[in-house]
Amino acid sequence: MFLHQLDLTTALRPSLLPEETALFVQDAVGLYEGKYKIPQYQNGQAYLTSHRACYVDHNEPRKHSVAINLKDVDRPDFYAGFLKSSPKITLFPKPSKGGQAIHAPAAQRPSSISPATNGSPSRSLEPSPAPAPPPPSNATWVCPICSFSNPVPSNFDPATANARTPLAPCLACGIKPPLLHVVKAALAAITNRQTQQSILEENKLGTAVPVAGAPGSVEPGTVSCPRCTFSNHSSLPNCEVCGASLTSAVDKRLEAARSLARAESPGPSTNSNPLQEETIESIKFSFRGGGEKIFYERLKNALVQRKWLLQSAPPIPKPRPSSGAFDDAYSPGNNQGSNDSDRTKVVGIAGLERRGLEQRLNNQAVIANAFEDLDALMTSAKEICALAEQFASQANIGANGNSEASALASQSASALGLVTTKDMLGSGSENLYISELSRNLAEWLTDDTNGILRKEGGIATLVDLWAMFNRARGGVELVSPSEFEKAASMWDKLKLPVRLRQFKSGLLVVQGRDRTDEKTIASLLTWLRELHREPPVAEVAWDWRAYGRGITAQETAEKFGWSVGVATEELEMAEESGALCREQGLDGLRFWENWLIKMPEGSQNLPI
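Residues numbered from 1 in each chain as written. Predicted model: local features only at pLDDT ≥ 70, side-chain atom pairs only at ≥ 80, totals over all residues. Heavy atoms only, no water.

A.B. asks: If you had to explain the overall build of the chain to someone new, which residues and values would you point to?
C.D. replies: Scanning the chain for helices and strands turns up 18 helices and 22 strands. When burial is assessed residue by residue, the chain has 35% of its 608 residues classed as buried. Surface exposure of the chain reaches about 36,300 Å², of which carbon and sulfur atoms provide 55%. (Helix = DSSP H or I, 4+ residues; strand = E, 2+ residues; numbered from the N terminus. Buried < 20%, exposed > 50% of the residue type's maximum accessible area, 1.4 Å probe, protein only. Areas by Shrake-Rupley, 256 points an atom, 1.4 Å probe, with all protein chains shown as cover.)

Shown next as structure tokens:
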């Protein structure tokens, strides 16, 4: 099949394959199968990667998201759009193994075509009768010298006319007209013929047509004067009666026509499911919000590079430091055994020094071979990045290399996964950039390999996450605080698994969508009831088995892994809900289980 179901991440973005990178993102995109619209795939985002061209729907992303493998694409085609038709990029599938191109038979189409939603009739593939010849209409041009109406020659073609085309002079004054003047008159006559042809078709359908000369009717090919309402020829710049300018009236009509925006594309649609069809003629990406030119250029580059071939490629042979021979994964076993036997084993400090020398020689050989030309650099890009991260980690040893923040920052690209930068976006990049940044943040927070929220106890302040996120970017495409807050505020709109929460004091925190106040209160109460069975560190003056003990914000932060500010806000939230009560003493503020509202079972006989 040409179309495949797309797997999405937790942030509703395409799940990347190994060695796959993102190239471009554009919103306001729809899909066509051939020349027919696919109804459920008309409002989404197009993701171009080094391996695939993906479509993610806005309304039903888990259900209506598809991908096209670039290895199955024969050639792309670009359509710039015209008037109400949006620009489109067509992807044609490769021919099948039998030698025939993958296309949909024409007999299957009529049953799957439905009329467009805006009222356009459904199209049938039955042969239609030949159109009637257009009625004869004589084109005339008005002489700019004497204002005499002259006929345009019947053999005059405005498409092929040039400066050497002979023109007949005016029949009254004998002056030859300008070429542009005659071309405009011929084009106006062609427009007049098309208008008359449409009127004849409306007459056949029984539609009422305004009668010439009736009030409010305008003859085709004429412009009504805005001052005296006289019908002038379309090629005249001024009215023949009062001399008023006719360009303002035409401009107002053009502005009114341009202001009329259509709701949907007038093209026909198909009701068939594209994922269930084995034969597809072509798939079109319709760009309603721009970005088609950048998408097409990067698509052609991806088809030329063909990075999907590197997935199953054998490893690159590496030169041995001791000799000029190459070592790869397909070397015979006897050669490796002979090499191991020839090499003397060295232990202790001498062995460590020898291993370090071999590692430096290997790194030197890799860097020298990679920077010979651009192709070698692209082939060894992964190894070069690994060496760069290794050098950076070795340079940071001794400063703060043991902290979790530096360990998180050293992961940079691998910690972020699909990083969307501003150069990957098309038109309207501000809103699209904030949307993609919001999805990027959600993926980064919910990634199980990093466990950002898990390390912070499931909740973290927005300021701390902003600092950690910028450190993880490794100094590339840093995010400002305003952009970070805007991206976090879009999590609810995009229905992502994390949410932004604001406490009563104004503190902004980030937590999982499944984490609610009720669950937090239940966790606090469970911990307070466990303290009835755990002896306190210091001696207390009351029966701790019966009454338990109070907790501070510092103890709560250590227990759940929160920061002190978050622990204070959560304790005050539980106090406002009535689950806890506070004790203000000499040793500070403590929170107890609230027995003032509801006494627990078995505590009625306790001494007061």
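A.B. asks: Go over unusual backbone geometry, please, and point to the residues and values.
C.D. replies: Among all residues save glycine, negative phi is the norm, and among peptide bonds the norm is trans. For Leu12, which is not a glycine, the phi torsion comes out positive at approximately 60°. Its location among the elements puts Leu12 in the loop between strand S1 (4-5) and strand S2 (22-33). Although it is not a glycine, Thr229 sits at a positive phi angle of roughly 60°. Tracing the chain through its elements places Thr229 in the loop between strand S12 (222-224) and strand S13 (231-233).

A.B. asks: Help me get a handle on the environment of Gln305, residues and values and all.
C.D. replies: Position of Gln305 among the secondary structure elements: in helix H3 (residues 292-305). For Gln305 and Ser50, which are 255 residues apart along the polypeptide, the C-alpha to C-alpha distance reads 8.5 Å.

A.B. asks: Can you lay out the confidence of the model for the chain for me, pointing to particular residues and giving the numbers?
C.D. replies: Taken residue by residue, the chain gives an average pLDDT of 74. The fraction at 70 or more is 64%. Taken element by element, the chain is modelled with least confidence in helix H9 (residues 412-416), mean pLDDT 42, and with most confidence in strand S5 (residues 52-57), mean pLDDT 93. Scored below 50 in pLDDT, residues 100-137 makes 55 contacts in the model with residues more than four places away or belonging to other chains. Low pLDDT, under 50, characterises residues 398-418; the stretch is placed with 30 contacts to residues that sit more than four places away or in other chains. (pLDDT = per-residue confidence, 0-100. Contact = heavy atoms within 4.5 Å.)

A.B. asks: Which residues make up helix H15 (residues 517-530), and what are the values?
C.D. replies: Here H15 is 14 residues long and its end C-alpha atoms lie 20 Å apart, about the 20 Å a rise of 1.5 Å per residue gives. Among all positions in H15, only Thr520, Ile521, Leu524, Leu525, Trp527 and Leu528 are buried. The arc that holds the buried residues of H15, viewed along the axis, is 160°, so those residues lie on one side. Next to the buried residues of H15 lie helix H17 (553-560), helix H18 (564-576), strand S21 (580-585) and strand S22 (588-593). (Expected span 1.5 Å × (residues − 1). Arc of directions from axis to C-beta.)

A.B. asks: Residue-level account of the pairing of strand S8 (residues 88-93), with values.
C.D. replies: Here S8 lies mainly inside the structure; six of its six residues are buried. Of the two faces of S8, the one holding Lys88, Thr90 and Phe92 and the one holding Ile89, Leu91 and Pro93 are both buried throughout. Of the pairings in the sheet, the one linking strand S7 (residues 73-79) to S8 comprises six bridges and is antiparallel in character. The residue bridging Tyr79 from the neighbouring strand is Lys88, located in S8. Where S8 lies against strand S15 (residues 283-287), four bridges are found, and the strand directions are antiparallel. Opposite Leu91, over in S15, you have Ile283 as the bridge partner. (Pairing = 2+ DSSP bridges.)

A.B. asks: Give me the packing of aromatic side chains: which residues, what numbers.
C.D. replies: For the structure shown, the criterion picks out 10 aromatic pairs. Judged by centre distance (5.1 Å) and plane angle (55°), the rings of Phe287 and Phe295 are tilted. Exposure remark for Phe287: the relative accessible area of 1% places this residue in the buried category. Each ring, one from Phe560 and one from Trp562, has its centre 4.8 Å from the other, and the planes form 15°; the classification is stacked. Taken together, Phe24, Phe285, Phe287 and Phe295 form an aromatic cluster joined through their ring pairs. The aromatic ring of Phe92 is capped on one face by Arg75, whose charged end is 4.0 Å from the ring centroid. The side chain of Lys88 reaches across the aromatic face of Tyr32, ending 5.1 Å from its centre. (Phe/Tyr/Trp six-rings, centres within 6.5 Å; stacked < 30°, edge-to-face > 60°. Lys NZ or Arg CZ within 6 Å of the ring centre and 35° of its normal.)

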